[in-house]
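Each chain, letter by letter, is given below.
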Amino acid sequence: MPTYVPSPDDVTAAQTPDGGWTRKQLAEWGVTWPPPQGWRKHLEAKWEGKDLPPLQRQEPDQDSLF
């Protein structure tokens with residue numbers, strides 16, 4: 001579990017020229033791949049000092065596949 005939480009400016013500065021983030025960079029911040037929806041807001045809230053549980057990736061409902 002990473003102890004470093006990036007600031008919103010750090011997150012923006014880490015963007016690739018294509019406007020995304022590398023899998024390695026996200027892993028350093030504790031973000032799973034593919035990044036779940038809301039990961040940037042989650043990191044920002046943690047940076048602000050809010051005590052949040054780890055961000056979980058939402059798996060698709062199996063019923064919707066059939």
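What you see is a predicted model, and the numbers here were worked out from it, not measured in a lab. (Residues numbered from 1 in each chain as written. Predicted model: local features only at pLDDT ≥ 70, side-chain atom pairs only at ≥ 80, totals over all residues. Heavy atoms only, no water.)

A word on the overall build of the protein chain
Scanning the protein chain from N- to C-terminus turns up three helices and zero strands. From first element to last, N terminus to C terminus, the protein chain shows the α and β order α-α-α. When each of the 66 residues of the protein chain is scored for burial, the buried share is 20%. Of all intrachain contacts in the protein chain linking residues separated by at least 6 positions in sequence, the fraction that spans at least 24 positions is 36%. Taken as a whole, the protein chain presents about 5,300 Å² of accessible surface, with 52% of it coming from carbon and sulfur. (Helix = DSSP H or I, 4+ residues; strand = E, 2+ residues; numbered from the N terminus. Buried < 20%, exposed > 50% of the residue type's maximum accessible area, 1.4 Å probe, protein only. Contact = heavy atoms within 4.5 Å. Areas by Shrake-Rupley, 256 points an atom, 1.4 Å probe, with all protein chains shown as cover.)

A closer look at the pattern of salt bridges
Applying the stated criterion across every chain, the model contains one salt bridge. The shortest N-O distance in the salt bridge between Glu-48 and Lys-50 comes to 3.6 Å. Since its relative accessible area comes to 47%, Glu-48 is described here as partly exposed. Residue Lys-50 is classed as partly exposed on the basis of its relative accessible area of 47%. (Salt bridge = Lys/Arg side-chain N within 4 Å of Asp/Glu carboxyl O.)

Regarding the environment of Lys-41
By the element assignment, Lys-41 lies in helix α3 (residues 39-47). Along the backbone, Lys-41 and Pro-8 are 33 residues apart, and their C-alpha atoms lie at a distance of 8.9 Å.

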